[in-house]
Number of protein chains: 2
Amino acid sequence: MTATPDALLASLARRLGQDRVLTDPSELVVYEADGSTMHDVTPRAVVFPRGTEEVAAVVQACLANGVAFVARGAGTGLSGGAMALDGGIVVALNRMDRILGIDVEDRRATVEPGVRNLAVSEAAARHGLFYAPDPSSQAVCTLGGNVAHNSGGPHTLKHGVTVNHVLGVQLVTPWGEVVRVGGPDRPGYDLLALLTGAEGTLGIVTEVEVALRRIPEGVRTLLASFPDVDRASAAVSAIIGAGIVPAALEMMDDVVVGALEAAFGFAFPSDAGALLLVESDGPEPGLDREAADVAEVCRAHGALDVRSADTAAERAEVWTARKKAFGALGRVARHYYTQDGVIPRTRLPDMLRHVREVAARHGLRVANVFHAGDGNLHPCILFDEDDAATRAKVLEAGAEILRHCVELGGSLTGEHGVGVEKREAMALLFSESDLELMRRLSDAWDPAGLCNPGKVLPMGAGCVELSPRARQAAL
Amino acid sequence: MTATPDALLASLARRLGQDRVLTDPSELVVYEADGSTMHDVTPRAVVFPRGTEEVAAVVQACLANGVAFVARGAGTGLSGGAMALDGGIVVALNRMDRILGIDVEDRRATVEPGVRNLAVSEAAARHGLFYAPDPSSQAVCTLGGNVAHNSGGPHTLKHGVTVNHVLGVQLVTPWGEVVRVGGPDRPGYDLLALLTGAEGTLGIVTEVEVALRRIPEGVRTLLASFPDVDRASAAVSAIIGAGIVPAALEMMDDVVVGALEAAFGFAFPSDAGALLLVESDGPEPGLDREAADVAEVCRAHGALDVRSADTAAERAEVWTARKKAFGALGRVARHYYTQDGVIPRTRLPDMLRHVREVAARHGLRVANVFHAGDGNLHPCILFDEDDAATRAKVLEAGAEILRHCVELGGSLTGEHGVGVEKREAMALLFSESDLELMRRLSDAWDPAGLCNPGKVLPMGAGCVELSPRARQAAL
């Protein structure tokens, strides 16, 4: 019954309607890459199913024709996870964007996978509720993508990542069946945790149920400036060591500070070598004490200035400094390549020295943004040329930084995922026996090898070639 | 190379030493059952390995001889999960009970699987730290068993269950390899979440790394009595609805109240039909307000009395009422059979009416203990005869209660696991397609079917026959 690929496209057009099957090369360009700096791969086609049954039909048709498929949300991913390798098709879910229901009493929302992250909190706000995980791309990125990457955000430190907030999903399995995974106190194997962060390699999520939280009664936001990252890092360790769990603990280095000043005219103390954003939230009682404790710790560790953002407008301005940090880098360099690594929080100063040493050795500049509380760093390697020689240096510097993260007892990725970019680097972190556990699972669920192939697990084929294009992507 | 089973035992004796291989029937009796009310199954043998390498050697020997194996900790499980079916051997881990290290700065402990739950908190206490999940059996039960069952406890409501606190494990896979699973920001599939709660069917954990938390700065414990469970349940909903997240929210009904009065001479208001234990913990600021808010909600919902336990001794007494509730039932009945179901919290009053109606129809009495905040109920069916007719009624009543939990949108088990007892009931909650996902996984990881067989997944062979023996087991 195996038909030719053309027969697949014809059958999909019959099933979905011709206008929901893109095959024109000029239209496919948009789907060649995600927000990362990968080589482009043109998909065979892009299809836009309208619901679970249509997604299942697409998967079944792909299976019948031996064609690979990959789900895609807003395409804001940063590891090439939504690229259609092996001549596959893209199953675009961004038009499946309905909020199916909000249950105020039980504090949960049921949404289609193409719903934007921020849209959930916007819809829940009038009930005093919000959806906690907040990737910096939250205005654009989708819940389906968040589930695939187990996305976090600046408030991960206190509020956790996607897996802590997903209650259940509807899934089209790699063999084309529709199942429900999750629910209250699910006995048996925790398949929901397994699917969350599986980067779309274990099926396509077509409905997501998430927990909502009460909007915190109060918020205190502080922006502290330090002479250097060492002292800011020591303050981070001291804050955590004091038993304080801020909602967010974000750090930016002097290069970012300079870029922010150039781009937005922020007035930081002229010798500020690092900024630390500390946010506390929760019930009002205790918040003032927590903020005062944080300020005191910062000053004791050499803060030049501790500014409290007392109004909503001031808070928005402080968060602008953090959220536009990547955008501001455009003022100091034409291009940048962002790494995503994790280290034990206490090793931040060591790591930063390493990052700078690596960059200097390759003749490159680097700007650093950290989710400091989580030990998650985003060194952005700046460069002004995209000729092959510079590109190779940038990639080598990125790889060196990543290897050092692992050497320090950290990890390959905090939140951007493995995708294509880091699949070979998985061998730095996992033994062959460790990887065998994952391969058995992947083989059992996707025996045809058609569900987002070429991602997450090493192929043993050496590193994928990267094309570091300039990205001003939301991060 | 397949040897006879006797050859297996001989080879295990050579590897471990004869004193670490029990085969004498009089010694095997202890290992016939766990804390549940199952039929006894005599294992072929019980072995006591002394470390990861020996566990791996045992697994490899079992594989070579086609003999099943099951890990066992303290045997406090309540679903028959540690029973050696299919003529298998028990791999007893309770002597692997060393605390391997406590890292105060990073707040983690590394322990062998036979370490008792409470021993971790005891060892961490001098650093101001504790291990949060606190099953009522915590003085006895082991970390390995906690990982297998993803155990919770009264403080689950705020502090989460085992999966929220396990950072990594060393695992002997069902095919006899030693791997590490977990670590900071693990990319790829979340195998740690998968293993946690897999009830020992995906390998044997030989080392566990857990997160420790700071001992809360302050605690407030209230014991409120209500005329009936309906009003206590309404108070529970109102407390949660007010945005308060107590550390614990435990309820007991009038039968339990009577038993506690008879057993320990507690003086509750004479018309108390339900007790509600509410504990708040955290930083001191805010705790008094939270306790006052809880007390006010309780009074507004008809509390007869709200007692504050202000000293450590008073708190211990209040917790005695909760933790000895099961023991106290011995004063009002010779035997009891405990069910473990979950319902949406708001359905507690409906569910309780159903429980009583079912019990009355079968001519049985029932006592109820709830983790009310989680909607997790433990109806204890009381009976004074263990003749076959009564036993059948008790089991039928238990099954009816469980079915109703599922009908109300709840679940089969809150914390006791599926094991043997509820494996056929899994079909109430999961479709064949849903179960197929789990079977593929189990088949991929345990192709020989020798790693704790006969647990978790339905065999399609009808219900396992139960023997409701009286248990005064820690719960």
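Since the structure is predicted, the reported quantities are computational estimates derived from the model, not experimental observations.

Peer 1: Just give me the short version of helix α16 (residues 432-445) of chain B, but keep the residues and values in it.
Peer 2: The end-to-end C-alpha separation of α16(B) is 20 Å, in line with the 20 Å expected for 14 residues at 1.5 Å each. Among the 14 residues in α16(B), 10 count as buried, and that is most of the element. Of the residues making up α16(B), those classed as buried are S433(B), D434(B), L435(B), L437(B), M438(B), R440(B), L441(B), S442(B), A444(B) and W445(B). In this structure, the buried residues of α16(B) make contact with β9 (178-182), α7 (191-195) and α16 (432-445) of chain A together with α7 (191-195) and α15 (426-429) of chain B.

Peer 1: Talk me through the sheet that holds strand β10 (residues 204-211) of chain B; I want residue IDs and the actual numbers.
Peer 2: All names here are of chain B. Read across the open sheet, the five strands follow the order β5-β6-β10-β8-β9; overall the sheet is antiparallel. The open sheet has two edge strands with one neighbour each: β5 (99-103) and β9 (178-182). For this sheet, the mean angle separating the axes of adjacent strands, direction not counted, is 15°. Pairing of strand β8 (residues 166-172) with β10, which is carried by six bridges, proceeds in the antiparallel orientation. In the sheet register, V166 faces β10, and the bridge partner there is V210.

Peer 1: Go over the domain arrangement of chain A, please, and point to the residues and values.
Peer 2: All names here are of chain A. Each domain of chain A was delimited in the assignment, giving domain 1 (1-215 + 418-475), domain 2 (218-327) and domain 3 (329-407). The distance between the C-alpha centroids of domain 2 and domain 3 comes to 22 Å. Across the boundary between the two partners, domain 2 contributes 21 residues, which contact 25 residues of domain 3. Carbon and sulfur atoms make up 61% of the surface buried where domain 2 meets domain 3, a total of about 1900 Å² over both sides. Taken as a group, M251, V255 and F326 account for 30% of the area that domain 2 buries against domain 3, more than any other trio of residues on that side. Taken together, the links from domain 2 to domain 3 amount to three salt bridges. Residue R353 pairs with D230 through a salt bridge whose shortest N-O separation is 2.9 Å. Remark: the boundary between domain 2 and domain 3 carries 13 residue pairs in polar contact (both at pLDDT 80 or more). Put simply, the parts of the chain that give the side of domain 2 that touches domain 3 at least two residues each are α8 (229-241), β13 (248-253), α9 (254-264) and α12 (325-328).

Peer 1: I'd like a description of the environment of F69(A), backed by residues and values.
Peer 2: Residue and element names in this part refer to chain A. Mapped onto the elements, F69 comes out in strand β3 (residues 69-72). You can call F69 buried: its relative accessible area is 2%. Once the C-alpha coordinates of F69 and G200 are considered, the two residues, 131 residues apart in sequence, prove to be 9.9 Å apart. Apart from the residues lying within four places of it in its own chain, the contact partners of F69 are V59, C62, I89, V91, P174, I204, L450, C451, N452 and P453.

Peer 1: Help me get a handle on the sheet that holds strand β8 (residues 166-172) of chain A, residues and values and all.
Peer 2: Sheet strands pair via backbone hydrogen bonds, and the direction of the pair is either parallel or antiparallel. All names here are of chain A. A sheet is described by the order of its strands in space; here five strands give the open sequence β5-β6-β10-β8-β9, paired in antiparallel fashion. The two strands at the open ends of the sheet, each matched to only one other strand, are β5 (99-103) and β9. Taken over all neighbouring pairs, the strand axes of this sheet differ in orientation by 15° on average, direction set aside. Pairing analysis gives five bridges linking β8 to β9, with the strands arranged antiparallel. From the neighbouring strand, V169 faces β9, where its bridge partner is V181. Running over the sheet, helix α4 (residues 117-124) touches β5, β6 (108-111) and β10 (204-211) and is turned about 45° from β5.

Peer 1: Pulling in residues and values, what's your account of unusual backbone geometry?
Peer 2: Located in the positive-phi region is R107(A), a residue other than glycine, with phi close to 55°. Structurally, R107(A) is set in the loop between β5 and β6.

Peer 1: Give a detailed account of the relation of the copies chain A and chain B, specifying residues and quantitative values.
Peer 2: Each copy of the sequence occupies a distinct position, and chain A is placed on chain B by a rotation of 180° and an axial shift of 0.0 Å, giving an RMSD of 0.0 Å. In short, the pair behaves as if placed about a two-fold rotation axis. Here 100% of the interface residues in chain A have copies in chain B that are interface residues too; the copies meet face to matching face.

Peer 1: Kindly report on the layout of surface pockets, identifying the contributing residues and their values.
Peer 2: Residue and element names in this part refer to chain B. For the second largest pocket, the calculated volume is near 660 Å³. Taken together, 22 residues form the lining of the second largest pocket, with F130, D134, Q138, H155 and E279 sitting closest to its centre. At the level of secondary structure, the elements contributing two or more residues to the lining of the second largest pocket comprise α4 (117-124), β7 (129-130), β14 (274-282) and α11 (312-323). Among the elements that take part in the lining of the second largest pocket, α11 stands out by supplying four residues, more than any other. When its residues are assigned to classes, the lining of the second largest pocket shows 10 nonpolar, five polar and seven charged. Looking at which domains feed residues into the lining of the second largest pocket, each of domain 1 (1-215 + 418-475) and domain 2 (218-327) supplies at least three.

Peer 1: Please provide a residue-by-residue account of the pattern of salt bridges, values included.
Peer 2: What the rule picks out here adds up to 50 salt bridges over all chains. A salt bridge links D190(A) to R186(A); its shortest N-O distance comes to 3.3 Å. For R186(A), a relative accessible area of 32% gives the class partly exposed. Residue E357(B) is joined to R361(B) by a salt bridge in which the shortest nitrogen-to-oxygen separation is 2.9 Å. Here the residue E357(B) and the residue R361(B) both occupy positions in helix α13 (residues 348-361), the gap between them amounting to four residues, near one helical turn. Here R361(B) falls in the partly exposed class, since its relative accessible area comes to 48%. Salt bridges linked by common partners bring D230(A), R347(A), D350(A) and R353(A) together as one network.

The rules behind each value
Residues numbered from 1 in each chain as written. Chains lettered and ligands numbered in written order. Predicted model: local features only at pLDDT ≥ 70, side-chain atom pairs only at ≥ 80, totals over all residues. Heavy atoms only, no water. Helix = DSSP H or I, 4+ residues; strand = E, 2+ residues; numbered from the N terminus. Expected span 1.5 Å × (residues − 1). Buried < 20%, exposed > 50% of the residue type's maximum accessible area, 1.4 Å probe, protein only. Contact = heavy atoms within 4.5 Å. Pairing = 2+ DSSP bridges. Axes fitted to C-alpha atoms, helices over the stretch in contact; angles between N-to-C directions. Domains from an automatic or database assignment. Buried area = accessible area lost by both parts, 1.4 Å probe. Salt bridge = Lys/Arg side-chain N within 4 Å of Asp/Glu carboxyl O. Polar contact = N/O pair within 3.5 Å; in protein donor to acceptor, adjacent residues only side chain to side chain. Least-squares fit on C-alpha atoms with pLDDT ≥ 70 in both. 1 Å grid on protein atoms, 1.4 Å probe; cavity = no way out; pocket = protein on both sides within 12 Å on 5 of 7 lines; lining within 4 Å. Points joined across faces, edges and corners; volume = space filled by probe spheres on them. Nonpolar A, V, L, I, M, F, W, Y, C, P; charged D, E, K, R; others polar.

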